[in-house]
Amino acid sequence: MHLGLIMDGNGRWAKKRGLPRAAGHIEGMKACKRVILGARNLCVYFVSFYVFSTENWKRPAQEVSYLMSLLAKKLPGETDWYKENNVRIRVRGNVDGLPEEARNAVKNTVEATSGCNGITAVLCVNYGGQDEISRAVNRFIEKNPGKKITVADIEANLDCPDIPAPDMIARSAGELRLSNFMLWDSAYAELLSIDKLWPDWDQEEVQTCLDALAGRTRKFGGLAQ
Ligand code: FPP
């Protein structure tokens, strides 16, 4: 079971409380930890978080730099928590395009938790579905100049080819958009929008996702069994 999560509403959460947007992102980071534990309790094996998109660079420089500093400065301090809770961190996205400190922090966390196997949390950073597909195509072309590319070739060259496609993609704050998230492997994902703002999420919303999924008939283009 793989749950993809589009985290939305950090800014609105902060605004409602008269706090700076940064406070919403900090609470959002805490929500990630609650959701990881909740997902692990409910036997979800993969959970992917849309942390920073290829389009998020358009935000004011101060906010971009704050989000990068969460990766660079906060993530290393959380590594022990991930290890204690047997959480393996993986990364998806154009990591080479991150500022050096953030890039190193992400890479170190991935490395430090590589032996954990309770749940895999995929951080999608500097991630865009279109960018991932174009990078996958370029990886293939480099290895196979002049050859025609197939669906299987693209799949094999995505950032985490060993991780199964998400069964469900859920978005917080009631929005109904994919926003360039997992464009390739969302092909047959079930979609869900939950009104609650991201910083208010915990295990309960993971349960809501699982309940919704249980009520869907998945046919993958075929006929119902
Ligand atoms: C969307 O809310 C949230 C983001 C673009 C950032 C997500 C980042 C985190 C939850 C913190 C970082 C987490 C880790 C694991 C390092 P928004 O700012 O678009 O909210 P709004 O639409 O209400 O303004």
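Residues numbered from 1 in each chain as written. Predicted model: local features only at pLDDT ≥ 70, side-chain atom pairs only at ≥ 80, totals over all residues. Heavy atoms only, no water.

## Focus on the sheet that holds strand E5 (residues 168-171)
Strands sit in the order E3-E4-E2-E1-E5-E6 across an open sheet of six strands; the sheet is parallel. Because the sheet does not close on itself, it has two edges, and the strands there are strand E3 (87-92) and strand E6 (190-193). Between one strand and the next, the sheet's axes are offset by a mean angle of 20°, whatever the strand orientation. Bridge count for strand E2 (residues 46-53) against strand E4 (residues 119-127) is seven bridges, and the pairing is parallel. Bridge pairing in E4 places Phe-46 opposite Thr-120. (Pairing = 2+ DSSP bridges. Helix = DSSP H or I, 4+ residues; strand = E, 2+ residues; numbered from the N terminus. Axes fitted to C-alpha atoms, helices over the stretch in contact; angles between N-to-C directions.)

## Quick notes on the pattern of salt bridges
Within the structure shown, the criterion is met by 20 salt bridges. Note that Lys-30 is salt-bridged to Glu-27, the shortest N-O span being 2.9 Å. With Lys-30 and Glu-27 both in helix H2 (residues 21-41), this residue pair falls three residues apart, about one helical turn. The exposure class of Lys-30 is partly exposed, given its relative accessible area of 42%. Salt bridges here are not isolated pairs; linked through shared partners, they connect Asp-8, Arg-12, Arg-171, Glu-175 and Arg-177. (Salt bridge = Lys/Arg side-chain N within 4 Å of Asp/Glu carboxyl O. Buried < 20%, exposed > 50% of the residue type's maximum accessible area, 1.4 Å probe, protein only.)

## A look at unusual backbone geometry
The backbone phi angle of Asn-126 is positive, close to 45°, even though this residue is not glycine. Along the chain, Asn-126 turns up in strand E4. At Phe-220, a position not held by glycine, the phi torsion is positive, near 50°. Examined against the element boundaries, Phe-220 turns out to sit in the segment after helix H7 (203-214).

## Brief notes about the site of the ligand
Around the ligand, the surrounding shell holds 14 residues, and the nearest of these are Met-7, Gly-11, Arg-12, Arg-21 and Arg-59. In this structure, an oxygen atom belonging to the ligand sits 3.3 Å away from a main-chain N or O atom of Gly-9. Gly-11 is positioned with one of its backbone polar atoms (N or O) 3.0 Å from an oxygen atom of the ligand. Coverage of the ligand by the protein chains reaches 91% of its 630 Å² of free accessible surface. Secondary structure elements with two or more residues in the shell around the ligand: helix H1 (10-16) and H2. Ranked by residues supplied to the shell around the ligand, first place goes to H2 with four residues. Broken down by class, the residue content of the shell around the ligand amounts to four nonpolar, six polar and four charged. (Near = heavy atom within 4 Å. Polar contact = N/O pair within 3.5 Å; in protein donor to acceptor, adjacent residues only side chain to side chain. Areas by Shrake-Rupley, 256 points an atom, 1.4 Å probe, with all protein chains shown as cover. Nonpolar A, V, L, I, M, F, W, Y, C, P; charged D, E, K, R; others polar.)

## As for H2
If you check H2, its first and last C-alpha atoms are 30 Å apart, about what 21 residues at 1.5 Å a residue would give, namely 30 Å. Buried within H2 we find Gly-24, His-25, Glu-27, Gly-28, Met-29, Ala-31, Cys-32, Val-35, Ile-36, Gly-38 and Ala-39. Once H2 finishes, Cys-43 follows within two positions and takes phi at roughly 65°, a positive value. (Expected span 1.5 Å × (residues − 1).)

## Focus: the packing of aromatic side chains
Across all of its chains, the model carries nine aromatic pairs by this definition. Both rings, one in Tyr-50 and one in Tyr-127, keep their centres 5.9 Å apart while their planes meet at 80°; by these two values the pair is edge-to-face. Of this pair, Tyr-50 sits in strand E2 while Tyr-127 sits in strand E4, and the two are 77 residues apart along the sequence. Under the relative-accessibility criterion, Tyr-50 is labelled buried at 8%. Taking the centre distance of 5.5 Å and the plane angle of 75° together, the rings of Trp-81 and Tyr-82 count as edge-to-face. Comparing Trp-81 with Tyr-82, the two get one shared label, buried. Feature note: the residues Phe-49, Trp-198 and Trp-201 constitute an aromatic cluster, connected by ring pairs. When the ring centre of Trp-81 is taken as origin, the NZ or CZ atom of Lys-33, which lies over that ring, is 5.0 Å away. (Phe/Tyr/Trp six-rings, centres within 6.5 Å; stacked < 30°, edge-to-face > 60°. Lys NZ or Arg CZ within 6 Å of the ring centre and 35° of its normal.)

That is the geometry; function is a separate question.
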